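Overview (structure and organization)
What follows is the residue order along each chain.
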Amino acid sequence: VAKNGVIHVIDSLILPKSAKTVTENIKERNGQKFLDLMAKANLMEKLSELKDFTLLMPSAKALKEMDESVLLSLSENPDQLEQILLHHILPKANEKSTITRRTSMQNSLAGKKHHINHNTVSCARLQSRSCGKVCSGSVVEVDRLLIPPGSSILQILESSSEHSKFLELLEKTKLSEEIVDGHFTVFAPTNQAFDQLEGNLKSRLLGGNLDEIRKVLQQHIIPDIVCCSSAPYSGMFPLTHFTRGHRSLSGHTIMMTRGYEGHVQANGTPIDRCDTIAVNGLLHSVNKVMLPRYMQQPSRRPNLWDPFNIGSFSGKYF
């Protein structure tokens, strides 16, 4: 004890978290499995030499829940594994607040783009834990392994037999030429969705006026990145029913919402397959055609959110 304080003798230096190496930070986050993958891809030396970077680290839970056969397959293909792991590194140190703001794009060390928006990176959710500053960079946990996209939106549609009618209409209206550059979210109706339309509507869409067809298709395209993983959760009661709106190419708003059971809807239409990442955006597969209001029919089903049927054109399609 001294006159102006107390002295304690300790056997090691106390370092701030920002002075720790990226490897030490990963170990603190129970990320040994991720480090094992880095070692198998011969990237440990590169990891230790990084300057001014952001590491997008899959959480320990995400890696634990992955199919072991997938991890084994990656381990046996070092070149593919290297590209996947390099896709988790951004050559720029990001604060967490940078990733929560409006849409931006950053290239990973794999040379592929990441779409960053609404607490997501390429539709992987940021974990609640704060961004960890380390020596020369930062570490951000995400809820999945990030796979580099290899195809454009149109290439994905071309490879899907389920969406051939939608692709045909995109090409017919020349909209396919407008979603090549930039970043877009496409709600792609399946062939079954078109088959479910009533006779008159079906003939109007599949063989009618091109301007009208174009307006319907524009309703399915948002010139921004909108992930299912960023849709706000809603509770069981109206006061806890939250949505997030996004303007489509048609000028109408598409409301994204997530039910209390986790199912995501766009204007009341369930999204069957979410977040297929493309180099120029992403796709969601839907089993209903999202029509402009003037083409919709009022829902005949009772709506607990609208018991007086005030919003009969609220997005319930057939």
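These remarks concern the structure in this document. (Residues numbered from 1 in each chain as written. Predicted model: local features only at pLDDT ≥ 70, side-chain atom pairs only at ≥ 80, totals over all residues. Heavy atoms only, no water.)

In this section: the overall build of the protein. Within the protein one finds 12 helices and 15 strands. A total of 318 residues make up the protein; the buried ones form 44% of that total. Of the roughly 16900 Å² that the protein leaves accessible, carbon and sulfur atoms contribute 52%. (Helix = DSSP H or I, 4+ residues; strand = E, 2+ residues; numbered from the N terminus. Buried < 20%, exposed > 50% of the residue type's maximum accessible area, 1.4 Å probe, protein only. Areas by Shrake-Rupley, 256 points an atom, 1.4 Å probe, with all protein chains shown as cover.)

Moving on, we get to the sheet that holds strand β5 (residues 120-121). Ordered in space as β3-β4-β5-β6, the 4 strands form an open sheet in which the pairing is antiparallel. In this open sheet, the two strands that pair with only one neighbour each are β3 (104-107) and β6 (124-125). Sheet analysis places strand β4 (residues 113-117) next to β5, joined by 2 bridges and oriented antiparallel. Its bridge partner lying in β5, asparagine 117 is registered against threonine 120. (Pairing = 2+ DSSP bridges.)

In this section: the pairing of strand β9 (residues 184-189). Within β9, 6 of the 6 residues are buried, which leaves it mostly tucked inside the rest of the structure. Where β9 and strand β15 (residues 281-286) come together, 6 bridges link them in parallel fashion. Among the inter-strand pairings, alanine 188 is bridged to a residue of β15, identified as serine 285. Strand direction decides the pairing type here: β9 and strand β10 (residues 221-222), joined by 2 bridges, are antiparallel. Residue pairing for β10: valine 186 is matched across the bridge by isoleucine 221.

The interhelical angle for the contact between helix α9 (residues 164-172) and helix α12 (residues 210-218), taken along N-to-C directions, is 120°, at an axis separation of 10 Å. One way to sum up the angle between α9 and α12 is to call them oblique. Crossing of α9 against α12: the hand is left-handed. Within the contact between the two elements, α9 uses Phe166, Leu169, Leu170 and Lys172 and α12 uses Leu210, Ile213 and Leu217. Partitioning the contact of α9 with α12 into residue classes produces 6 nonpolar, no polar and 1 charged. (Axes fitted to C-alpha atoms, helices over the stretch in contact; angles between N-to-C directions. Parallel < 35°, antiparallel > 145°, perpendicular 65-115°, else oblique. Left-handed = near helix turned anticlockwise from the far one by under 90°. Contact = heavy atoms within 4.5 Å. Nonpolar A, V, L, I, M, F, W, Y, C, P; charged D, E, K, R; others polar.)

All buried positions along α9 are accounted for by Phe166, Leu167, Leu169 and Leu170. Buried positions in α9, seen along its axis, are confined to an arc of 160° and lie on one side of it. Elements in contact with the buried residues of α9: α8 (153-158), β9, α10 (191-195), α11 (199-207), α12 and β10. One or two residues past the end of α9 sits lysine 174, with phi positive at roughly 70°. (Arc of directions from axis to C-beta.)

Turning next to the nonpolar core. Ile153, Leu157, Phe166, Leu170 and Val289 are the most contacted members of the largest nonpolar core, which totals 27 residues. Broken down by secondary-structure element, the contributors of at least two residues to this core are α8, α9, β9, α10, α11 and α12. (Core = buried A, V, L, I, M, F, W, Y, C linked by side-chain atoms within 4.5 Å.)

Looking at where isoleucine 179 falls in the secondary structure, it is placed in the loop between α9 and β9. Isoleucine 179 sits in the buried class, given a relative accessible area of 1%. Expressed as a C-alpha distance, the spacing of isoleucine 179 and proline 223, which sit 44 residues apart in the sequence, is 8.6 Å. With residues up to four places along the chain from it excluded, the contact list for isoleucine 179 reads Ile153, Leu154, Leu170, Phe184, Ile221 and Asn280.

A few words now on the environment of leucine 109. For leucine 109, the position within the fold is in the loop between β3 and β4. Given a relative accessible area of 33%, leucine 109 falls into the partly exposed group. With 18 residues separating them in the primary sequence, leucine 109 and proline 91 have C-alpha atoms 6.6 Å apart. Once you skip the residues sitting within four places of it in the chain, leucine 109 turns out to touch Lys46, Leu50, Leu86, Ile89 and Pro91.

Another point: the state of the cysteines. Taken as a whole and assessed by the stated rule, the structure comprises 2 disulfides. Disulfide partner of cysteine 123: cysteine 227, at an S-S distance of 2.1 Å. With the S-S dihedral at roughly -80°, the linkage between cysteine 123 and cysteine 227 falls on the left-handed side. Of this pair, cysteine 123 sits in the loop between β5 and β6 while cysteine 227 sits in the loop between β10 and β11 (244-247), and the two are 104 residues apart along the sequence. Since its relative accessible area comes to 1%, cysteine 123 is described here as buried. Residue cysteine 228 pairs covalently with cysteine 274 via a disulfide, S to S 2.1 Å. With the S-S bond torsion at -70°, the cross-link from cysteine 228 to cysteine 274 turns out left-handed. Taken together, the positions of cysteine 228 in the loop between β10 and β11 and cysteine 274 in strand β14 (residues 269-278) put the pair 46 residues apart, joining distant regions of the chain. On the accessibility criterion, cysteine 228 (3% relative accessible area) is buried. You can call cysteine 274 partly exposed: its relative accessible area is 32%. Across the protein, the disulfide pattern expressed with sequentially numbered bonded cysteines is 1-2, 3-4. (Disulfide = S-S within 2.5 Å.)

This is a description of form; function is not addressed.
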